[in-house]
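Structure assessment
Now for the letters of each chain:
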Amino acid sequence: MSTVPANPSSISSSTSTTDAEALRRSRILSSKLYFDVPLSKVPIIYSSSYDITFLGLEKLHPFDSSKWGRICRFLILDGVLEKNRIVEPLEASKDDLLVVHSESYLNSLKTSLNVAIIIEVPPVALLPNFLVQQKVLYPFRKQVGGTILAAKLAKERGWAINVGGGFHHCSAGKGGGFCAYADISLCIRYAFIRLNISRVMIIDLDAHQGNGHEMDFSNDRRVYILDMYNPGIYPFDFEARRYIDQKVEVVSGTTTDEYLAKLDEALKVAGRMFDPELVLYNAGTDILDGDPLGRLKSFSLISPEGVTSRDEKVFRFAHEKKIPLIMLTSVLSNANMRIELGYSCYDSHNISRNGSSGGYMKSSAKVISDSIVNLSRKCLIDIGVSRSQA
């Protein structure tokens, strides 16, 4: 009986894939981003290095690039968090980033023009790249380290909040929408190996579609994606939409009550469809009433109290099922604002002066901190403060 010889190209491809997986595993196991955190610390992760400030250029994008520090300052001023109990992450190294990203993509970030396109601030293209690395990409890499560490802390403590991260527009080979590194994809890849987790649910409640992680896990049944987004704004990634397991499109004019009812139903469906070992929650606040980039007035009328209720519902969903949960505060893009409202990135910073709120607006930091206080009051997280104190 004759046998058909094996196809040399298929053997080579299989070997190459096996080698790539072995290298990825080796990088994950040798990473320093997972480290032991003393119990005296609470699983809230932040570094002052998260905030992006450089010669006023950060004002050329409507996203509040210092909102991360403002969230923590509000929590400290409100007496619900002590500064010395915050966990500071390490910066993600090149080897850490290569777990998901290609060498060619990381090399592309050594060109300031490419970074300027990704973060949507054209003048950055004129800066020496060493400054771009130091003032823009280093803060992002610190946030990536925070997101990755959050999975370990969530597994140990039941929950963790990275006061940053959520770069859901970045995939392995492409950045965009103020997202230069795929921290969500990296976090999950690390959890698969280091935490022996095999089922992860992404709950993406940012107003914008999370096209980056959708592309990265397009053929991975270990990851279930619930994405609740406005289909009429950036990124208009129709290919990535094919990979959303549970798509909830929220149209313009949606009210707080309507939004929360949709979320209730979505969580019930998700709970029936998938049994995760880890929930990764991308908690964008651009759904707020008045946020020009979420367009939920033109997109929705979600109140600050609605955002608090939304976060509570997601935490309760995980808490009742005893599933560790990671919360990220999310960053987003202003591309839809340029297209739909007619602003250029050079004058878009004026929007933040008109009292608007949201993921990009100054008041979003207070909305997020108030939501965290509520989670503590409802005993969904423990930050070492009694309900009477909070």
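Turning next to the overall build of the protein. Each helix and strand in the protein was counted, giving 13 helices and 9 strands. For the protein, contacts bridging at least 24 residues in sequence account for 76% of all contacts bridging at least 6. Counting every atom, the protein has about 15,700 Å² of accessible surface; 52% of that belongs to carbon and sulfur.

This part covers the packing of helix 2 (residues 67–77) against helix 13 (residues 364–377). Where helix 2 contacts helix 13, the two axes come as close as 8 Å, and the packing angle between them is 45°. Taken together, helix 2 and helix 13 sit at an angle that is classed as oblique. The chirality of how helix 2 crosses helix 13 is right-handed. In this structure, helix 2 contributes Lys67, Arg70, Ile71, Phe74 and Leu75 to the contact, and helix 13 contributes Ser364, Ala365, Lys366, Ile368, Ser369, Ile372 and Val373. When grouped by side-chain class, the residues that make up the contact of helix 2 with helix 13 number 7 nonpolar, 2 polar and 3 charged.

Glancing now at the packing of aromatic side chains. With the rule as written, the count across this model stands at 5 aromatic pairs. In textbook terms, an aromatic cluster arises when at least three aromatic residues are bridged by ring pairs, as seen for Phe140, Phe167 and Phe178.

Here we come to the pairing of strand 3 (residues 200–204). Within strand 3, 5 of the 5 residues are buried, which leaves the element mostly enclosed by the surrounding structure. Examined bridge by bridge, strand 3 and strand 4 (residues 223–229) share 5 bridges and lie parallel to one another. Each residue of the ladder has a partner; that of Met201, found in strand 4, is Tyr224. The handedness of the strand 3 to strand 4 crossover, carried by helix 8 (residues 211–216), is right-handed. Note: strand 3 against strand 7 (residues 278–282), 5 bridges, orientation parallel.

Our focus in this paragraph is the side chain of Ser47. If you trace the backbone, Ser47 turns up in the loop between strand 1 (44–45) and helix 2. Beyond its immediate chain neighbours, meaning those up to four positions away, Ser47 contacts Glu88, Pro89 and Lys142.

This brings us to unusual backbone geometry. Cis geometry is found at the peptide bond from Tyr234 to Pro235, where omega equals 15°. As for its position among the elements, Pro235 is in the loop between strand 4 and helix 9 (238–241). Here the phi dihedral of Glu120 falls at roughly 65°; this positive angle occurs in a residue that is not glycine. By the secondary structure assignment, Glu120 is in the loop between helix 5 (112–119) and helix 6 (129–157). On the basis of relative accessible area, Glu120 is assigned to the buried category, the value being 7%.

Time to look at the environment of Leu186. Along the chain, the position of Leu186 falls in helix 7 (residues 183–194). On the basis of relative accessible area, Leu186 is assigned to the buried category, the value being 0%. Counting along the chain gives 38 residues from Leu186 to Ile148, while the straight-line C-alpha distance between them is 6.8 Å. Apart from the residues within four sequence positions on either side, Leu186 is in contact with Asp96, Leu97, Val99, Val100, His101, Val144 and Ile148.

Another point: the environment of Pro235. What makes Pro235 buried here is its relative accessible area of 16%. Residues Pro235 and Gln209, 26 residues apart in the sequence, show an inter-C-alpha distance of 6.7 Å. Pro235 has contacts with His169, Gln209 and Asn211, leaving out every residue within four places of it along the chain.

Below, the discussion takes up the sheet that holds strand 4. If you trace the 7 strands from one edge of the open sheet to the other, you get 1-2-9-7-3-4-5, paired in parallel fashion. In this open sheet, the two strands that pair with only one neighbour each are strand 1 and strand 5 (246–249). The sheet contacts of helix 6 involve strand 1, strand 2 (159–162), strand 7 and strand 9 (325–328), and relative to strand 2 the element is tilted by about 165°. On the sheet, helix 10 (residues 256–273) packs against strand 3, strand 4 and strand 5 and is oriented at approximately 170° with respect to strand 4.

Our next topic: the pattern of salt bridges. This model, assessed by the stated rule, comprises 18 salt bridges. Taking the shortest distance from any N to any O, the salt bridge between Arg310 and Asp311 comes out at 3.1 Å. The exposure classification of Arg310 matches that of Asp311, with both residues buried. Each of Asp36, Lys152 and Glu156 takes part in salt bridges that share partners, so that together they form one network.

A few words now on the nonpolar core. If you look at the biggest cluster of nonpolar residues, it comprises 115 residues, and the most contacted ones within it are Phe140, Ile203 and Phe315. The dominant element in this core, judged by the number of residues it contributes, is helix 6, at 11 residues.

This next bit is on helix 11 (residues 304–320). Compared with an ideal rise of 1.5 Å per residue, which puts 17 residues at 24 Å, helix 11 spans 24 Å between its outermost C-alpha atoms and is within 8% of the ideal. All of the buried residues in helix 11 are Gly306, Val307, Thr308, Arg310, Asp311, Glu312, Val314, Phe315, Phe317 and Ala318. For helix 11, the elements touching its buried residues are strand 2, strand 3, helix 10, strand 7, strand 9 and helix 13. Positioned one or two residues after helix 11, Lys322 has a phi angle of 60°, which is positive.

Cut-offs applied
- Residues numbered from 1 in each chain as written.
- Predicted model: local features only at pLDDT ≥ 70, side-chain atom pairs only at ≥ 80, totals over all residues.
- Heavy atoms only, no water.
- Helix = DSSP H or I, 4+ residues; strand = E, 2+ residues; numbered from the N terminus.
- Contact = heavy atoms within 4.5 Å.
- Areas by Shrake-Rupley, 256 points an atom, 1.4 Å probe, with all protein chains shown as cover.
- Axes fitted to C-alpha atoms, helices over the stretch in contact; angles between N-to-C directions.
- Parallel < 35°, antiparallel > 145°, perpendicular 65-115°, else oblique.
- Left-handed = near helix turned anticlockwise from the far one by under 90°.
- Nonpolar A, V, L, I, M, F, W, Y, C, P; charged D, E, K, R; others polar.
- Phe/Tyr/Trp six-rings, centres within 6.5 Å; stacked < 30°, edge-to-face > 60°.
- Buried < 20%, exposed > 50% of the residue type's maximum accessible area, 1.4 Å probe, protein only.
- Pairing = 2+ DSSP bridges.
- Right-handed = clockwise from strand over helix to strand, strands pointing away.
- Salt bridge = Lys/Arg side-chain N within 4 Å of Asp/Glu carboxyl O.
- Core = buried A, V, L, I, M, F, W, Y, C linked by side-chain atoms within 4.5 Å.
- Expected span 1.5 Å × (residues − 1).

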